[in-house]
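Overview (structure and organization)
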Amino acid sequence: MDSLKEDLKKQIIEQLNLEDLTVADIADDALLFNDQGLGLDSIDALELIVLLEKYHGIQLTNPEEGKEAFKSIDTMAAYIRKRKEA
Amino acid sequence: MKVITAYCNLRADECLVNGEVVSRRDAGSDDSWFKQIYKQQELAYPKFYKMDVLSQAGYLASELIKRATPGISETYADDEIALVFANASSSAETDRRFIQSYEGGGSPSPSLFVYTLPNIVLGEIAILNKWYGENMFAVLPKFVPGFYLDYGGILFASGSRALLGGWLEVTAGGTDVLLFMVEEQESGMEFNEANLLHLSQRVAAY
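All values reported here derive from a predicted model rather than from experimental measurement.

**Let's talk about the overall build of chain A**
A count of helices and strands for chain A gives four helices and zero strands. Of the regular secondary structure in chain A, the N- to C-terminal order runs α-α-α-α. By the compact-globule yardstick of 12 Å for 86 residues, chain A fits well, its C-alpha radius of gyration being 12 Å. In terms of overall dimensions, chain A has C-alpha extents of about 35 × 30 × 20 Å along its principal axes. For chain A, the proportion of its 86 residues judged to be buried stands at 27%. For chain A, contacts bridging at least 24 residues in sequence account for 53% of all contacts bridging at least 6.

**Some details on the overall build of chain B**
For chain B, the helix and strand inventory stands at eight helices and eight strands. Here the C-alpha atoms of chain B give a radius of gyration of 17 Å, agreeing with the 17 Å that 2.2 N^0.38 yields for 206 residues. With the principal axes as the frame, chain B shows a C-alpha extent of 60 × 40 × 30 Å. The buried share of chain B, reckoned over its 206 residues, is 38%.

**A look at the nonpolar core**
All names here are of chain B. Judged by nonpolar contacts, the single largest core of 68 residues is most densely connected at Ala57, Leu60, Ala61, Val177, Leu179 and Met181. For this core, the element with the highest residue contribution is helix 2 (residues 53-68), accounting for eight residues. The residues contacting Ala61, other than those within four sequence positions of it, are Cys8, Leu10, Gly166, Val177 and Leu179.

**Some thoughts on unusual backbone geometry**
One non-glycine residue with positive phi stands out, namely Asn17(A), at about 55°. Within the secondary structure layout, Asn17(A) lies in the loop between helix 1 (3-15) and helix 2 (42-56).

**So, the interface of chain B and chain A**
The interface is formed by 11 residues belonging to chain B together with 13 residues belonging to chain A. For the side of chain B that touches chain A, the leading source of residues is helix 5 (residues 110-113) of chain B, giving three residues. Of the residues that constitute the side of chain B that touches chain A, the class distribution is five nonpolar, three polar and three charged.

**What about helix 2 of chain B?**
With 16 residues, helix 2 of chain B ought to run about 22 Å at 1.5 Å a step, and its terminal C-alpha atoms sit 23 Å apart, in line with that. Burial analysis of helix 2 of chain B places 13 of its 16 residues in the buried class, which makes it a mostly covered element.

**Some points on the environment of Leu18(A)**
Locating Leu18(A) in the fold gives a position in the loop between helix 1 and helix 2. Residue classification places Leu18(A) among the buried positions, given that 21 C-beta atoms sit within 10 Å. A sequence separation of 11 residues divides Leu18(A) from Asp7(A), and the C-alpha atoms of the two residues are 14 Å apart. Residues in contact with Leu18(A), not counting those within four places in the same chain, are Ile12(A), Ile13(A), Tyr49(B) and Lys50(B).

**Focus: the pairing of strand 7 (residues 174-184) of chain B**
Regular strands show a simple pattern: their side chains alternate between the two faces of the sheet. Residues and elements named next belong to chain B. Most of strand 7 is tucked away, with eight of its 11 residues classed as buried. As paired elements, strand 6 (residues 162-171) and strand 7 share 10 bridges and run antiparallel to each other. Each residue of the ladder has a partner; that of Val170, found in strand 7, is Thr175. Connecting strand 6 to the antiparallel partner strand 7 that follows it, the hairpin turn spans two residues.

**Some details on the packing of helix 1 of chain A against helix 2 of chain A**
Residues and elements named next belong to chain A. Two elements in contact, helix 1 and helix 2, have axes whose closest approach is 10 Å; the angle formed by their N-to-C orientations is 125°. Considered as vectors, helix 1 and helix 2 are oriented oblique to each other. You can see that helix 1 and helix 2 cross each other, and the crossing is right-handed. From helix 1, Gln11, Ile12 and Gln15 reach across to helix 2, where they touch Glu47, Val50, Leu51 and Tyr55.

Parameters and conventions
- Each chain has its residues counted from 1, following the order in which its sequence is written.
- Chain labels run from A onward and ligand labels from 1 onward, assigned in the order the entries are written.
- Local features in this predicted model are restricted to residues of pLDDT 70 or higher, and side-chain atom pairs are both shown and tallied only at a pLDDT of 80 or more, whereas totals for entire chains, interfaces and linings draw on every residue.
- Segments assigned H or I by DSSP are reported as helices when at least four residues long, segments assigned E as strands when at least two residues long, and all are numbered from the N terminus.
- Values of the radius of gyration come from C-alpha atoms, whereas the globule rule sets the reference at 2.2 Å times the count of residues to the power 0.38.
- Residues with at least 20 neighbouring C-beta atoms inside 10 Å of their own are called buried, those with 12 or fewer are called exposed, and the rest are partly exposed, where every C-beta is derived from the backbone.
- Throughout, a residue-residue contact means that the two C-beta atoms, derived from backbone geometry, are no farther apart than 7 Å.
- The term nonpolar core refers to a set of buried Ala, Val, Leu, Ile, Met, Phe, Trp, Tyr and Cys residues connected through C-beta atoms within 7 Å.
- Residues are grouped as follows: Ala, Val, Leu, Ile, Met, Phe, Trp, Tyr, Cys and Pro are nonpolar; Asp, Glu, Lys and Arg are charged; every other residue, Gly included, is polar.
- Helix span is expected to be 1.5 Å times the residue number reduced by one.
- Each pair of strands is called paired provided DSSP finds at least two bridges between the two strands.
- Between N-to-C directions, angles span 0 to 180 degrees; the directions come from axes that are lines fitted to C-alpha atoms, helices contributing only their stretch in contact.
- Working definition: roughly parallel below 35 degrees, roughly antiparallel above 145 degrees, roughly perpendicular at 65 to 115 degrees, and oblique for all remaining angles.
- Crossing handedness is defined as follows: a turn of the near helix away from the far one that is anticlockwise and smaller than a right angle gives a left-handed crossing, while the clockwise case is right-handed.

Structure (structure tokens):
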């Protein structure tokens, strides 16, 4: 398993207080802001921005980047890798 | 006459619909009791995992009542089902968790903050079902049938045709939840003080 993706799932559970969820409950490609995925909303988007900075040292200031990056665990992991390589 | 057409009780270890046990707590499970009900009843609404315990309780009980009253949403216009809930502890459990989120040196959690009002559960149910009728959440010292009867009477006299009533007391000390649907029917369990008191004290029949 991709450890970055697993870490991200743990961090989302911790940051968003989703104690009832486990890492296994979150699919890598599940749409985070879709009711069929994780059902996150705008408040949670703020939490994800905090998460990126807190755990990965990445500041997200461009809302358009956020829209793409926060689609799923897959896209979040790709975004983090891209930012760290830059 | 107004009758109670379905009701759901959530207790510490059992979930009952119309007096019949539909879920039992597995003490050996790692899942929370509400997550156990969610899985056992094969519900599918991922937003459940984001909710605080009060909203989870309201969501679960209202979904089970909908199952017990098929077609309820189609029977009424979107503003004809009123929601009238109450409890004694408001959102105290979530309030405590929110305080803990920043007292330990962390930052206040927005995702907890949004649940630091008890009436958020009404919004969750209304959004999910697109029920845009009257709604009220009262904080009362204890379960009082007169609150539902009096306020329900006002609502029925002013356009509401059905009422989902609820007592949602979920604390670290226990779970005491009763939701009930009230509709106009020719016969059935009358919506009155004696029946509400009876249902609020209902325990599983073995």
